[in-house]
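The residues making up each chain are set out below.
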Amino acid sequence: MANLPSVVILGDYEQALRRFSNWTKVDQRCHITIYHEPLHEEALYEAVKDADVIVLVRDRIPFNEALIARLPKLKLFIFTGKRNGTLDASALISRNIPIACTPGGPSKETTTELTWALILGASKHLVRQNKLIGSGSWRDEYSVLPMLAGERLGIIGLGSIGSSVARVGKAFGMELVAWSPNMTAERATAQNAKSVSLEELLTTSKVVSPHLVAGANTKGLIGAAELAMMRSDALLVNTSRSALINMHALRDALVAGRPGQAAIDVFDIEPLPAGDPLRSAPNLLTTPHLGFVAEPVFAEFSKGIVNTLEAWLEMRPLPHPFEP
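Rules of the game
- Residues numbered from 1 in each chain as written.
- Predicted model: local features only at pLDDT ≥ 70, side-chain atom pairs only at ≥ 80, totals over all residues.
- Heavy atoms only, no water.
- Pairing = 2+ DSSP bridges.
- Helix = DSSP H or I, 4+ residues; strand = E, 2+ residues; numbered from the N terminus.
- Contact = heavy atoms within 4.5 Å.
- Axes fitted to C-alpha atoms, helices over the stretch in contact; angles between N-to-C directions.
- Core = buried A, V, L, I, M, F, W, Y, C linked by side-chain atoms within 4.5 Å.
- Buried < 20%, exposed > 50% of the residue type's maximum accessible area, 1.4 Å probe, protein only.
- Salt bridge = Lys/Arg side-chain N within 4 Å of Asp/Glu carboxyl O.

J.: Please clarify how the sheet that holds strand S3 (residues 53-56) should be interpreted in this entry.
T.: Backbone-to-backbone hydrogen bonds pair the strands of a sheet. The strands run either parallel or antiparallel. Spatially, the five strands line up as an open sheet ordered S2-S1-S3-S4-S5, and their pairing is parallel. At either margin of the open sheet sits one strand with a lone partner, and together these are strand S2 (31-35) and strand S5 (99-100). In the sheet, strand S4 (residues 76-79) pairs with S5 via two bridges, with the strands oriented parallel. Across the sheet, residue Ile78 finds its bridge partner in S5, namely Ala100. Along the sheet, helix H2 (residues 41-48) contacts strand S1 (6-10), S2 and S3; its crossing angle with S1, the most-contacted strand, is approximately 145°. Here helix H12 (residues 295-313) sits on the sheet and contacts S1, S3, S4 and S5; the angle it forms with S4, its principal contact strand, is near 165°.

Here's what the structure looks like:
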């Protein structure tokens, strides 16, 4: 085993990667270590310092230039999916270390599904209703439920996911409005939506759902002032990027009652620290970043890792080289 290449896999929180592929050939030719818990700083370095190959599930663990410089044995870096926002790819490229990714699977579809699970779960107070049954009760004042049909759904960003979310909203009979930095009336109309200003979207929508890349022009897009614009009965849902919303301001906004509710799947720090104030925020439904965590997605991740490792071991071209 000492002479076999060392492969270190990081961030397999769900212990899922082994379940979806045949790892036999790779196991015979590599020494594989899988870490299921988050690692940071020196603990992370100790885990990867002797690795020939590092495999990272999405962008769960940042790799910066300083850390990469401390890894003289590194010969290949793999991450799942097609994007990694916390990897300093240039530091690897400058050392001629190949970078590979994997197919992403149907993560856009699964994120759409989770978005609507959160919208329906929060607006219908499903967690509270379930707890009533479990406690031996039946109904309370929250059991008179609001209706989404006829209400306004505000979509921030009409890309693949935003458009898909919009189509479901249309099927529920909601009025669709949309905004993004590059929105046009024609793009909105193509999705049966009306292009409006961000202020109008926030002040008039019952449900607000952002679906944008967190770039220089969109980070912190929804801050304290924007949250205060929202209706007291509005629901803010985020399955996109936490950086789109000022998460520190969100808890205060929920305490103040504008918006009335939030449902959040993405956070500035993941896993969410045990003492994070959001854990005790009122009227907040949270999930542990499940938008892309689905069987078909992880099957693609697992197969992509195995195929890449087999190609590397056999000195064949990597099936999915990363393109910066």
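J.: Which parts of the structure should I look at to understand the nonpolar core?
T.: Generally speaking, soluble globular proteins have nonpolar side chains that are buried together. Counting 29 residues, the largest nonpolar core has Ile156, Leu201, Leu227, Leu236 and Leu250 as the members making the most contacts within it. Residue assignment for this core shows that the elements contributing at least two residues are strand S7 (175-179), helix H9 (198-204), helix H11 (247-256) and strand S11 (261-264). Ranked by the residues each element gives to this core, the list is headed by H11, at five residues. The residues touching Leu250, leaving out its near neighbours within four places in the chain, are Leu227, Leu236, Ala262, Ile264 and Leu278.

J.: I'm lost on the pattern of salt bridges in this one. Help?
T.: Pairing of side chains with opposite charge becomes possible as their charged atoms draw close. Tallied over the entire structure, the rule returns 13 salt bridges. We note a salt bridge from Arg18 to Asp27, for which the minimum N-O separation is 2.7 Å. Residue Arg18 is classed as partly exposed on the basis of its relative accessible area of 35%. With a shortest N-O distance of 2.6 Å, Asp140 and Arg128 are connected by a salt bridge. Here the residue Asp140 occupies a position in the loop between helix H6 (126-134) and strand S6 (152-156), and Arg128 occupies one in helix H6, the gap between them amounting to 12 residues. Classification of Asp140 as buried rests on a relative accessible area of 19%. For Arg128, a relative accessible area of 37% puts it in the partly exposed group. Within the structure, one salt-bridge network assembled from shared partners comprises Glu151, Lys206, Arg231 and Asp233.

J.: Would you mind showing me how to read the side chain of Gln129 here?
T.: Along the chain, Gln129 turns up in helix H6. Leaving out residues up to four positions away in the same chain, Gln129 has contacts with Lys124, Asp140, Tyr142, Ser143 and Leu145.

J.: Would you mind going over unusual backbone geometry with me for this structure?
T.: For residues other than glycine, phi is negative in most cases, and the peptide bonds are mostly trans. Look at the link from Arg258 to Pro259: it is a cis peptide, with omega at 0°. Secondary-structure assignment places Pro259 in the loop between H11 and S11. Geometrically, the link from Glu270 to Pro271 is a cis peptide bond, its omega value of -5° lying close to zero. Summarising the element assignment, Pro271 is placed in the loop between S11 and strand S12 (284-286).

Taken by themselves, the reported measurements are silent on function.
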